[in-house]
Amino acid sequence: MQTTDTTSRSYSACSRYETASLCIFLLLIDPLLTIMSDLTGWTIALIVLGCIAAFFALIYCIYLVFVYTAPARYAKLISQNTTSIDDFVGSQPSARSCLKVVTMHNFGVGSKHVTNRVGLALKAEESDKVPGLKVTTRNDSGTPIPTSLKPPLVVGTIRMGFGHHRIAYAATSWGIDALNGNRDTYFHDFLNIKCPESTLIHETDQKYSKGSRMASEMGGRVEQFWGSLTKSGDEDSLRVTYQMAEQLRPVMLGLDKRSPIVASHSLVAAAAVAAGFTNVINLVIDNYAQWFVVVPGALNLVQGPSNYHA
């Protein structure tokens, strides 16, 4: 009986609260309804159009504020970069380009990822698939790979799209035969190194795959628009790609900096350059090479007609 009385009092309190809220709402809206009743249809239409125009004007003003502040945010973003992409492309980005780069970087990297400049402890173990090949993984004990008299040949890749992984394996087989046991050959797959940086790559790849899948399912104009984004890359795309590579430096810093790096993915080559490696070969596997697959500070090997028409 006591429970029933308590429930009844609660319902009564809620009912009084709702009634009071409704009364206050009616008191506030009544003058507006009175004014609206005296207006003609054209006047109401003009007021609505004015409100819509004011809304879009506000959005545009906010956009201009972002554009105006973008160069400062871009300068802060690249302040610790090893390589200047602006010097490489021979021009400074416009304010809108700065906004584009900062926005795309924040979308890809996000606010949760903390930039790390300390190398990861790695270990190299014999491959169970390719005789004579060593595969790098993270060393949980924290002990780095011992420095050898002859630094190893490192073939770096990322196991995502375009056959980067298969090309890297082909490069390692060449390296093993050419070196003939005089030095080690490492297979260095970024996604094989368990760390926040590899998680970042995986999440970015998931976003790309999701976007491609959705565009393919929708088809039409949406698929055309997605294709135009993924098939075109200007200087800003290189700025975004390299900025991403700066976040991946710890995956390279655990290796001997004397090592020659052969990369089957531009992010690997860019991360190597950002980490201070000076002997970096970037295998540009796209016949139509664009800005974002080229790496400043590396030797970029690009296929020509004599290669793929032979």
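Predicted model, so just to flag it, every value in this text is computed and none were measured. (Residues numbered from 1 in each chain as written. Predicted model: local features only at pLDDT ≥ 70, side-chain atom pairs only at ≥ 80, totals over all residues. Heavy atoms only, no water.)

Asks: Can you help me understand the overall build of the chain in this one?
Replies: Check the secondary structure of the chain and you find 11 helices and seven strands. Relative to its 310 residues, the chain shows a buried fraction of 35%. Pairs at least 24 apart in sequence give 65% of the contacts found in the chain among residues at least 6 apart. (Helix = DSSP H or I, 4+ residues; strand = E, 2+ residues; numbered from the N terminus. Buried < 20%, exposed > 50% of the residue type's maximum accessible area, 1.4 Å probe, protein only. Contact = heavy atoms within 4.5 Å.)

Asks: Before we go on, may I ask you to explain the sheet that holds strand 7 (residues 299–302) in this structure?
Replies: Strand pairing in a sheet relies on backbone hydrogen bonds, with the paired strands running either antiparallel or parallel. The sheet built from seven strands is open, its strands ordered 1-2-4-3-5-6-7 with mixed pairing. Two strands in the sheet have a free side with no partner beyond their single neighbour: strand 1 (122–126) and strand 7. The mean inter-strand angle of the sheet, taken between neighbouring strand axes irrespective of direction, is 25°. Summarising the sheet, strand 3 (residues 153–157) and strand 4 (residues 185–189) pair through five bridges and their orientation is parallel. (Pairing = 2+ DSSP bridges. Axes fitted to C-alpha atoms, helices over the stretch in contact; angles between N-to-C directions.)

Asks: Sorry if this is basic, but what is going on with the packing of aromatic side chains here?
Replies: Evaluation of the coordinates by the stated rule reveals four aromatic pairs. Residues Phe-55 and Phe-56 carry aromatic rings whose centres are separated by 5.6 Å and whose planes lie at 75° to one another, so their mutual orientation is edge-to-face. Ring geometry for Phe-88 and Trp-291: centres 6.2 Å apart, planes at 80°, overall edge-to-face. Of this pair, Phe-88 sits in helix 3 (residues 85–89) while Trp-291 sits in the loop between strand 6 (280–284) and strand 7, and the two are 203 residues apart along the sequence. Here Phe-88 falls in the partly exposed class, since its relative accessible area comes to 38%. By relative accessible area, Trp-291 is classed as partly exposed at 29%. (Phe/Tyr/Trp six-rings, centres within 6.5 Å; stacked < 30°, edge-to-face > 60°.)

Asks: Honestly, helix 5 (residues 164–179) in this entry has me stumped. Any pointers?
Replies: The α-helix winds at 3.6 residues per turn, so residues separated by three or four positions along the chain end up facing the same way. If you check helix 5, its first and last C-alpha atoms are 22 Å apart, about what 16 residues at 1.5 Å a residue would give, namely 22 Å. Residues of helix 5 that are buried: His-164, Ala-168, Ala-171, Thr-172, Gly-175, Ile-176 and Leu-179. With its buried residues spanning 140° around the axis, helix 5 presents them on a single face. Opposite its buried face, helix 5 presents the exposed residues Arg-166, Trp-174 and Asp-177, each directed more than 90 degrees away. Residues of helix 5 that are buried make contact with strand 2 (133–138), strand 3, strand 4 and strand 5 (261–263). (Expected span 1.5 Å × (residues − 1). Arc of directions from axis to C-beta.)

Asks: What's the story with helix 8 (residues 235–246) in this structure? I'm lost.
Replies: Between its terminal C-alpha atoms helix 8 stretches 17 Å, which fits the 16 Å expected from 12 residues at 1.5 Å a residue. Counting buried residues along helix 8, 11 of its 12 residues qualify, which places the element largely inside the surrounding structure.

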